[in-house]
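# Descriptive structure summary
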Amino acid sequence: MAQTPPPPAAPPKPTWDPGQPEGPFPWLRPTIRIRLTLLYGGMFLIAGILLLSIIYLLAAQAVHGGSFPLFKIVGGQKIEVTSATCPGVGGDQTIDQFNQAISACMDQQKKRVLDDLLSRSLMALLGLSIIAFAFGYAMAGRVLSPLGKITRTARRVVGSDLSRRIELDGPDDELKELADTFDEMLDRLERAFTAQQRFVGNASHELRTPLAINRTLLEVHLSDPGAPVELQQLGRTLLATNERSEQLVEGLLLLARSENQIVERKPVDLAEVASRAIEQARSEADAKGVEIRGERALAVVQGNGVLLERIALNLVQNAVRYNVPEGGWVEVTTEAQHGQAVLVVSNTGPVVPAYEIDNLFEPFRRLRTERTGSDKGVGLGLSIARSVARAHGGRIHAEPREGGGLVMRVTLPI
């Protein structure tokens, strides 16, 4: 018989915090605004350099293209000339020496004028470039302000607040079209999530009621001392099957609810949650001879206490049920470190290959078996734990323990 292919893995949750800027220097991020500013300023700078080069070449051509010097001495008597800008002119010189000095002086003056034109133009270009970059940054911010509104709305929607809408005003351009499309998508998502919540509520009632009725009838039947032994045995078997069905329904409904982000959050101490889970699993651990130990330090997170308790209970129950027959132990610790609350559940048990770790988190999957019956559970415990951890913005990680067993680590943001 062909095996059913495993379901696709859920996509990873975003690791960025919507309420905080990314990185220690958010102004260094290559945002669209920065890129538009650099594009606008860079094009202005290139155009300015080209314009300056053309003006400089034209000026140089005009200066050097003329017939210089404008005059020269061809003859005369008792001509005396002095110049502060041309120290080589004057004194006891012949006419040819005088004309050469005048020509050299004019060349020097032309070079000085061109150098002065170039330096002043570069200073003007630098000042205008600064103004252009600042103007481009301001204009880019104004043009991209609708995108900022879209981003802020999307960040609020990440927190499962699907009632928010962008409702962007302004000209009917591409940004408004994007905002309207995003609003339509939110409308469809809100209707889909509302329908899902309604379905979960209806399914919760419709599935629990007949199972509760069956359980009551079976318990009443088993309480009759005059019932035949065969019927009592059948009743106990049916009661165990009914209990397994109730656990499966509760697990599926909890898994469906925990796939969403938690909207209402309250302070919850993981140490208290773990202690409650240990108390609930204490009798089963004593019956199997499994010791539960570990130190639990204060680790407060913002979340749903009932769902977080479900994580701890599922991990502790799995650690107790999948343990060694004799001398087994389960260690449960909690602590706060590096801005995160950490819950660690370690246990002795059979050796688990590292390549089978991911399969343990899939619904109805167990070690080396798939969709098979077991008196240890319905195969949803770790799937529910992972979904609840993701709904709280955290993650759960498993690794084989040396010598057998597992180390389950749950990290949640504080």
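Residues numbered from 1 in each chain as written. Predicted model: local features only at pLDDT ≥ 70, side-chain atom pairs only at ≥ 80, totals over all residues. Heavy atoms only, no water.

The next subject is the overall build of the protein. Helix and strand content of the protein: seven helices and nine strands. Expressed as a percentage of its 414 residues, the buried residues of the protein come to 32%. Taking contacts inside the protein between residues at least 6 apart in sequence as the whole, the part at least 24 apart equals 70%. Per element, the accessible surface of the protein, about 26400 Å² overall, is 59% carbon and sulfur. (Helix = DSSP H or I, 4+ residues; strand = E, 2+ residues; numbered from the N terminus. Buried < 20%, exposed > 50% of the residue type's maximum accessible area, 1.4 Å probe, protein only. Contact = heavy atoms within 4.5 Å. Areas by Shrake-Rupley, 256 points an atom, 1.4 Å probe, with all protein chains shown as cover.)

On to the pattern of salt bridges, then. As enumerated under the stated definition, the model contains six salt bridges in all. As a salt-bridge pair, K111 and D115 come within 3.1 Å of each other at their nearest N and O atoms. Of this pair, K111 and D115 both sit in helix α2 (residues 95-158), four residues apart, which is roughly one turn of the helix. Classification of D115 by relative accessible area gives partly exposed; the value is 35%. For the salt bridge of E284 with R321, the shortest nitrogen-to-oxygen distance reads 2.9 Å. In this pair, E284 is assigned in helix α5 (residues 270-288) and R321 in helix α6 (residues 305-321), connecting sequence segments 37 residues apart. A relative accessible area of 22% places R321 in the partly exposed class. (Salt bridge = Lys/Arg side-chain N within 4 Å of Asp/Glu carboxyl O.)

With that out of the way, let us pick up the nonpolar core. As a rule of thumb, nonpolar side chains are buried together in soluble globular proteins. Membership of the largest hydrophobic core comes to 42 residues, with the highest contact counts inside it found for I292, I311, L315, V330, V332, L343 and M408. Elements with a contribution of two residues or more to this core: α5, α6, β4 (329-337), β5 (340-347), α7 (381-391), β8 (395-400) and β9 (406-413). Take this core: its biggest share by element is nine residues, from α6. In this structure V330 touches V290, E291, I292, R293, A319, V320, N323, V345, S346 and N347, once residues within four positions along its chain are discounted. If you look at the next biggest cluster of nonpolar residues, it comprises seven residues, including I150, L162, L168 and F182. (Core = buried A, V, L, I, M, F, W, Y, C linked by side-chain atoms within 4.5 Å.)

A rise of 1.5 Å per residue sets the reference length of α5, with its 19 residues, at 27 Å; its end C-alpha atoms lie 26 Å apart and thus fit the reference within 8%. Taking the largest bend as the criterion, α5 deviates by roughly 50°, centred on A281. For α5, the set of buried residues is L270, A271, V273, A274, A277, I278, A281 and A285. In the core, the buried residues of α5 are packed alongside β1 (266-269), β2 (291-293), α6, β4, β5 and β9. For α5, the N-terminal capping position is held by D269, with its side-chain oxygen 3.1 Å away from the main-chain nitrogen of A271. One or two positions beyond α5, positive phi appears at G289, with a value near 70°. (Expected span 1.5 Å × (residues − 1). Bend = angle between axes of the 7 residues up to and from the residue. Polar contact = N/O pair within 3.5 Å; in protein donor to acceptor, adjacent residues only side chain to side chain.)

Coordinates in, geometry out; function isn't part of it.
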